[in-house]
Amino acid sequence: MKIIQVPDYEEMSKRAAEFLLKKIKQNPILTLGLATGSTPKGLYEQLILDRRKHGTSFQHVTTINLDEYIGLPASNPNSYHSFMTENLFRHLDIPLSNSYLPNGEAADLQKECARYESIIDEKGIDVQVLGIGQNGHIGFNEPGTSFNQTTHITTLAHSTRQVNARFFHSIEDVPKQAITMGIASIMKSSEILLLASGTKKAAAVHQLLSGEISEDFPASALHHHPHVTIIADDEALSIFT
Ligand code: F6R
């Protein structure tokens, strides 16, 4: 695991954007695994800025997102479809047909999980961007999830729903389930870029860097992956350093 320590969220976002832009320049037909949430928002802003400044084209890039809530229509402002459209896709030239998210409204959700995993297998993710939950989740793989799981239906931990309630009117409105890439799906990607910012992530980052591997702490599976880069700011690394 390579750890890059940066002073703050802005620097984390800039370094992450440089990391991805370099990869896209080397390989314009890159497949990117993407995350939602507060962590990658700054990275997405930097990618949009770069497009405006330098005209970088993402025309041949494919994106595959980690997860989507079950039961929220794609048009709901809190769906991850909406998050990605608002915060990234509508600002870039990625053809919509090249962007994949799980369908949380599929009539047959098990079938949807299998379909999504086959997309991951067919495209092959070159770089997967990850945030980390305060409980160590990656994607929506909550503590206790088998490292062998591929894309599956997950029940969100109460603590995850509490943390994500900030985007909804109340915790009751936060969906209880989601479709998420599994740990095994994430581990198929050639390279992983995990981002962490802020004191709220310090305990999780500390546990990750302790090196102990356990299904009770999903992010620890990343120790089995040969190409992981972590860009974390001073606050996220405050217990470690
Ligand atoms: C998002 C995802 C989650 C988040 C994690 C951190 O697609 O899969 O694992 O990365 O919950 O969320 P933020 O960045 O909001 O702190």
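Note that the coordinates shown come from a computational prediction; the quantities given were computed from them, not determined experimentally. (Residues numbered from 1 in each chain as written. Predicted model: local features only at pLDDT ≥ 70, side-chain atom pairs only at ≥ 80, totals over all residues. Heavy atoms only, no water.)

Caption draft 1: Just the UniProt feature "domain: Glucosamine/galactosamine-6-phosphate isomerase" (unreviewed entry) in the chain, in detail. Within this numbering scheme, the UniProt entry marks residues 11-225 as carrying the feature "domain: Glucosamine/galactosamine-6-phosphate isomerase" (unreviewed entry). With 34% helix and 14% strand, the stretch residues 11-225 has end C-alpha atoms that lie 25 Å from each other. (UniProt positions renumbered as here; feature names shortened; annotations may be inferred. Helix = DSSP H or I, 4+ residues; strand = E, 2+ residues; numbered from the N terminus.)

Caption draft 2: Fine view of the layout of surface pockets. For the largest pocket, the calculated volume is near 860 Å³. Those elements that provide at least two residues to the lining of the largest pocket are β4 (67-69), α3 (80-87) and α5 (158-164). Looking at the lining of the largest pocket, the element that brings in the most residues is α3, giving 5 residues. Grouping the amino acids of the lining of the largest pocket by side-chain chemistry returns 12 nonpolar, 18 polar and 6 charged. Looking at the second largest pocket, its volume works out to about 230 Å³. What lines the second largest pocket is K2, I4, R15, E18, F19, K22, K23, Q26, E191 and T229. Contributions of two or more residues to the lining of the second largest pocket are made by β1 (2-6) and α1 (9-26). With 6 residues, the single largest contributor to the lining of the second largest pocket is α1. Broken down by class, the residue content of the lining of the second largest pocket amounts to 2 nonpolar, 2 polar and 6 charged. (1 Å grid on protein atoms, 1.4 Å probe; cavity = no way out; pocket = protein on both sides within 12 Å on 5 of 7 lines; lining within 4 Å. Points joined across faces, edges and corners; volume = space filled by probe spheres on them. Nonpolar A, V, L, I, M, F, W, Y, C, P; charged D, E, K, R; others polar.)

Caption draft 3: Main features of the packing of helix α2 (residues 41-54) against α3. Between α2 and α3, the shortest axis-to-axis distance is 10 Å and the interhelical angle comes to 40°. Facing K41, Y44 and I48 of α2, the residues of α3 in contact are F83, M84 and N87. When the residues that make up the contact of α2 with α3 are grouped by side-chain class, the tally is 4 nonpolar, 1 polar and 1 charged. (Axes fitted to C-alpha atoms, helices over the stretch in contact; angles between N-to-C directions. Contact = heavy atoms within 4.5 Å.)

Caption draft 4: Seen up close, α2. End to end, α2 covers 20 Å across 14 residues, agreeing with the expected 20 Å (1.5 Å per residue, within 8%). Considering only its buried residues, α2 is in contact with α1, β2 (31-34), α3, β6 (127-130) and β9 (191-196). Positive phi shows up at G55, right after α2, with a value of about 65°. (Expected span 1.5 Å × (residues − 1).)

Caption draft 5: Fine view of the site of the ligand. Close to the ligand lie 13 residues; T39, D67, H137, G139 and K201 are nearest. The contact in question runs from an oxygen atom of the ligand to an N or O atom on the side chain of T39, over 2.4 Å. Interatomic distance of 2.7 Å between a backbone N/O atom of G139 and an oxygen atom of the ligand. When the ligand sits alone it has 400 Å² of accessible area, and the protein chains cover 92% of it. The cavity that encloses the ligand is the largest pocket. Classifying every residue of the shell around the ligand by side-chain character gives 3 nonpolar, 7 polar and 3 charged. (Near = heavy atom within 4 Å. Polar contact = N/O pair within 3.5 Å; in protein donor to acceptor, adjacent residues only side chain to side chain. Areas by Shrake-Rupley, 256 points an atom, 1.4 Å probe, with all protein chains shown as cover. Sits in = over half its atoms within 2 Å of the grid points.)

Caption draft 6: The side chain of H152, seen in detail. Along the polypeptide, H152 turns up in strand β7 (residues 152-155). Classification of H152 as buried rests on a relative accessible area of 10%. (Buried < 20%, exposed > 50% of the residue type's maximum accessible area, 1.4 Å probe, protein only.)

Caption draft 7: Structural detail: the pattern of salt bridges. Following the criterion strictly, the structure yields 8 salt bridges and no others. Here E10 ties to K14 by a salt bridge, and the two come within 3.2 Å at their closest N and O atoms. Of this pair, E10 and K14 both sit in helix α1, 4 residues apart, which is roughly one turn of the helix. Residue classification places K14 among the partly exposed residues on the basis of a relative accessible area of 31%. The partner of E86 in a salt bridge is R90, and the shortest N-O contact between them spans 3.1 Å. Taking the relative accessible area as the measure of exposure, R90 reaches 54% and is therefore exposed. Taken together, the shared-partner salt bridges connect E117, D121 and K188 into one network. (Salt bridge = Lys/Arg side-chain N within 4 Å of Asp/Glu carboxyl O.)

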